[in-house]
Amino acid sequence: DASDEVRTRVTVISACAQDAAADTDPERIRENIETISSESSRMSGIISQLLMLSRGYEGRAHFEPEEIMLKEMVDSVAEELENMADARNIRLHNEVPEDIRVNADQSLMTQLFVNLISNAVKYGKDEKDEKDEKDGGNVWIQASDTGATVRIAVKDDGIGISAEDRKHVFERFYRADKARDRSGSGLGLAIVKWIVDMHGGTVSVQSEEGKGSLFILELPNKR
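This structure is a prediction, so every number in the text was calculated from the model and none was measured.

Rules used in this analysis
- Residues numbered from 1 in each chain as written.
- Predicted model: local features only at pLDDT ≥ 70, side-chain atom pairs only at ≥ 80, totals over all residues.
- Heavy atoms only, no water.
- Helix = DSSP H or I, 4+ residues; strand = E, 2+ residues; numbered from the N terminus.
- Contact = heavy atoms within 4.5 Å.
- Buried < 20%, exposed > 50% of the residue type's maximum accessible area, 1.4 Å probe, protein only.
- Pairing = 2+ DSSP bridges.
- Axes fitted to C-alpha atoms, helices over the stretch in contact; angles between N-to-C directions.
- Salt bridge = Lys/Arg side-chain N within 4 Å of Asp/Glu carboxyl O.

*Asks:* When you look at the side chain of Asn32 in this model, what are you seeing that I'm missing?
*Replies:* With respect to the helices, strands and loops of the structure, Asn32 is situated in helix H2 (residues 26-57). Aside from chain neighbours lying at most four places away, what touches Asn32 is Cys16, Asp19 and Ala20.

*Asks:* Looking at this structure, how should I read helix H7 (residues 188-198)?
*Replies:* Among the 11 residues that make up H7, 8 are buried, leaving the element largely enclosed by the rest of the structure. All of the buried residues in H7 are Gly188, Leu189, Ala190, Ile191, Val192, Trp194, Ile195 and Val196. Just downstream of H7 lies Gly200, where phi reads positive at about 75°.

*Asks:* What's the story with the sheet that holds strand S6 (residues 202-207) in this structure? I'm lost.
*Replies:* Read from one edge to the other, the open sheet built from 5 strands follows the order S2-S4-S5-S7-S6, with strand pairing classed as mixed. Here the strands that pair on one side only, and so sit at the sheet edges, are strand S2 (91-94) and S6. The sheet shows a mean angle of 15° between the axes of neighbouring strands, taken without regard to direction. Strand direction decides the pairing type here: S2 and strand S4 (residues 138-145), joined by 4 bridges, are parallel. Pairing of Asn94 across the sheet is with Ile141, part of S4. Packed on one face of the sheet, helix H3 (residues 70-80) meets S2, S4 and strand S5 (149-156) and runs near 170° to S2. Packed on one face of the sheet, H7 meets S6 and strand S7 (213-220) and runs near 140° to S6.

*Asks:* Help me understand the pattern of salt bridges, please; the structure alone is not making it clear to me.
*Replies:* Opposite charge on two side chains permits them to pair, given that their charged atoms come into close proximity. Throughout the structure, instances matching the rule amount to 8 salt bridges. When the shortest N-O distance is used, the salt bridge between Arg101 and Glu67 registers 3.4 Å. Note that Arg101 is positioned in strand S3 (residues 101-105) and Glu67 in strand S1 (residues 65-69), a separation of 34 residues in sequence. Under the relative-accessibility criterion, Glu67 is labelled exposed at 58%. One salt bridge in this structure joins Arg151 and Glu218, with 3.7 Å as the shortest N-O distance. Here Arg151, found in strand S5, pairs with Glu218, found in strand S7; they are 67 residues apart in sequence, far enough to count as distant. On the accessibility criterion, Arg151 (30% relative accessible area) is partly exposed. The partly exposed category is assigned to Glu218, whose relative accessible area is 23%.

Geometric descriptors of this kind do not, in isolation, establish any biological role.
Right, dumping it as structure tokens:
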């Protein structure tokens with residue numbers, strides 16, 4: 001699977017490079033260079049994610065838990081993804097209470113929220129219809145202290161996931177929307193599950209096609 005993902009992007013890069021070298025039209029050359037840049041970035045992301053998973057499965061991942069104010073972390077990630085959300089007219093709602101804390105690895109948890117929130121934006125409600133001025137979509141990040149655990153929820157009102165696809169969403173390289181989208185790596189949710197496992201927690205998904213998705217994390221409350 002990994003070889004196929006990388007090979008596909010190398011093939012695109014090679015073809016575009018050859019076209020650009022043989023072309024004399026500035027606009028077509030520019031388009032080929034933009035494609036090369038885009039595919040290179042995606043391939044770099046895949047390699048980084050693969051290395052993260054590989055180190056994790058081999059027990060070589062750096063893991064340093066500390067007390068984290070969850071709302072502040074979510075604010076930071078939401079700010080990082082603001083442009084992505086704005087481009088799809090999707091609003092991010094950080095509804096995490098100010099006093100919720102988690103004992104977790106800062107770097108890994110940041111990656112987890114980046115993956116979950118960007119996934120919710122990517123498959124969120126369709127962009128604003130300029131004709132009737134309908135609102136775009138929403139992504140809500142919520143949390144609660146249950147005593148034994150900290151429960152975290154990332155919810156969207158997007159396209160949802162079919163019952164068949166829900167069985168596989170945490171598998172490496174699985175993409176439910178294969179035909180329409182090839183921009184992702186199919187590794188994001190696999191990394192989410194690995195990070196949750198590293199913290200001794202659980203992750204699950206509730207979703208219906210056309211009715212959005214809800215990802216629920218339960219992390220041990222080590223107060």
